[in-house]
Amino acid sequence: MLRVMTWNIRTGGRDRGGADRLDQVVQVVNEQAPDVLALQELRGFDRNGLMAAAAGRVGMTPHLARSCFGQPVAVLVRPPYRVVDAGSVRRPFHHAAARVVVATSAGPFTVLGTHLYPYSGGRRRMEVDWLVAAMRRNQGPLTLVTGDLNSLDPTVDHTERLAGMPGLYRRRHLRRSGDTVDTRAIARLLAAGLVDLWPSANADAPEAAGHTVPTRLGGAEFAGMRLDYLLASTAVAQRVRDCRVVRGGVADTASDHYPLLTELDLAPR
C-alpha cells in the first residue's frame, strides 16, 4: 500500500519571532509515515542544507522546486519506492511546482506537488493551466496533482462561509466582479479528468470533515474550508483505499493546515 500525504507546513515550520514548529512537523510525518510526501511553504529550505537535514529526519529523499517569488515546494519519497524522473514544472508559478515519477507495480506514478497563488483566482486558473499541460505531457495513466491549491470546491455552496470572513481575505475567493465565488481552478482540474479523492472516498461524511484549515494554530485568513487537495487520474482513483484529513495530537498545532493523506493500492517496483 502506497501512502501519499500533502501538507502546507506554514513558513518552513518556523515563525518569525515566534515558535519553531519543525520538530512537530517531523513528528507528524514520522507518525503517518507517508511513502510520498508533498510539502508546501518550505521557507529557507533551499539554503544551508535545511532540506536535506529535514528529509534525513523522516527517512525520505527530497526533490525540491525553488521559487522566484514565493516559497519552495518539494515532493519527498521513501525507500523502497524508487524515483525514475524528477524536476520542476518550469513556469512562473508564484510559489513552485515539483514533478516526481515513482516506479510502482502498476507502472510509473507521476506526482505534481504545488502551491497555487493565494491572492487571485485568475492567477490560480493560469497556474492550473500550466499544471494541466504538464499532466498531459505525462505518458502514463497514473497521475496525481496535489498540494495547497488555495481554491474552493465547485460542488459546494460557499456563500455563508465567505460572508463571515474579513473583506481582505474574502476577496481572494471571489471573481473580479466581487459577487461570484471563484472555483475555476478546481473546476478546471476536474474538467481535465481528475478525481477529487476526499469526497470520492468519503461520500457519506459531512462536508466539514474534509476541511484542512484552520487548525488550532489559527489563521485569520481562513474560515473552515478545504484548500488542500489530492486530485487523481481515474487509474489512480480506482486504487484508493482511504483518504482522510489527519487531525488530533501534534497535527492540531504544527501548522495552520492539516495534512491530507491517501492510501493507494500500489507497491514498489
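This paragraph deals with the layout of surface pockets. Rolled over the atoms, a probe sized like a water molecule indicates the empty space that remains. Roughly 410 Å³ of volume is contained in the largest pocket. Along its surface, the largest pocket is lined by 23 residues, and Glu-41, Pro-118, Tyr-119, Arg-172 and Glu-221 are the ones closest to its centre. Among the residues making up the lining of the largest pocket, the classes are represented as 5 nonpolar, 11 polar and 7 charged.

Let's shift gears to the packing of aromatic side chains. In the structure shown here, the tally under the stated rule is 2 aromatic pairs. Considering the side-chain rings of Phe-93 and Trp-130, the 5.3 Å spacing of their centres and the 75° angle between planes classify their relative orientation as edge-to-face. Note that Phe-93 is positioned in the loop between β5 (82-88) and β6 (97-104) and Trp-130 in helix α3 (residues 121-137), a separation of 37 residues in sequence. The pair formed by Phe-93 and Trp-130 is uniform in burial state, with each residue classed as buried. Both rings, one in Tyr-117 and one in Tyr-119, keep their centres 5.4 Å apart while their planes meet at 90°; by these two values the pair is edge-to-face. Stacked on the ring of Tyr-117, the Lys or Arg Arg-123 has its end atom at 5.5 Å from the ring centre. Note that Arg-247 overlies the ring of Tyr-258, its terminal NZ or CZ placed 4.9 Å from the centroid.

On to the pairing of strand β4 (residues 73-77). Of all the 5 residues making up β4, 5 are buried; the element is thus mostly covered by neighbouring parts of the structure. Residues Val-73, Val-75 and Val-77 line one face of β4 and the alternating positions Ala-74 and Leu-76 line the opposite face, and both faces are buried. For strand β2 (residues 36-40) and β4, the ladder comprises 4 bridges, and the chain directions are antiparallel. Following the sheet pairing, Leu-39 is matched in β4 by Ala-74.

Scanning all chains against the criterion turns up 15 salt bridges. Residue Asp-252 pairs with Arg-216 through a salt bridge whose shortest N-O separation is 3.7 Å. Taken together, the residues Asp-252 in the loop between β11 (240-245) and β12 (260-264) and Arg-216 in the loop between α7 (197-201) and β10 (228-232) connect sequence positions 36 residues apart.

Turning our attention to the environment of Leu-260. One can find Leu-260 in strand β12. Note: C-alpha distance between Leu-260 and Arg-99 (161 residues apart in sequence) is 19 Å. When sequence neighbours within four positions are dropped, the list of residues in contact with Leu-260 reads Val-4, Met-5, Thr-6, Trp-198, Asp-228, Tyr-229, Leu-230, Cys-243, Arg-244 and Val-245.

As a further point, take α3. For α3, with 17 residues, the first-to-last C-alpha span of 24 Å sits near the 24 Å given by 1.5 Å per residue. Gly-121, Arg-124, Glu-127, Val-128, Trp-130, Leu-131, Val-132, Ala-134 and Met-135 are the residues of α3 that are buried. Buried residues belonging to α3 abut β6, β7 (107-115), β8 (142-148) and α6 (184-191). If you check the start of α3, you find a side-chain oxygen 3.3 Å away from the backbone N of Gly-122, and it comes from Ser-120.

Calculation rules
- Residues numbered from 1 in each chain as written.
- Predicted model: local features only at pLDDT ≥ 70, side-chain atom pairs only at ≥ 80, totals over all residues.
- Heavy atoms only, no water.
- 1 Å grid on protein atoms, 1.4 Å probe; cavity = no way out; pocket = protein on both sides within 12 Å on 5 of 7 lines; lining within 4 Å.
- Points joined across faces, edges and corners; volume = space filled by probe spheres on them.
- Nonpolar A, V, L, I, M, F, W, Y, C, P; charged D, E, K, R; others polar.
- Phe/Tyr/Trp six-rings, centres within 6.5 Å; stacked < 30°, edge-to-face > 60°.
- Helix = DSSP H or I, 4+ residues; strand = E, 2+ residues; numbered from the N terminus.
- Buried < 20%, exposed > 50% of the residue type's maximum accessible area, 1.4 Å probe, protein only.
- Lys NZ or Arg CZ within 6 Å of the ring centre and 35° of its normal.
- Pairing = 2+ DSSP bridges.
- Salt bridge = Lys/Arg side-chain N within 4 Å of Asp/Glu carboxyl O.
- Contact = heavy atoms within 4.5 Å.
- Expected span 1.5 Å × (residues − 1).
- Polar contact = N/O pair within 3.5 Å; in protein donor to acceptor, adjacent residues only side chain to side chain.

Limitation: the analysis is restricted to geometry and does not speak to function.
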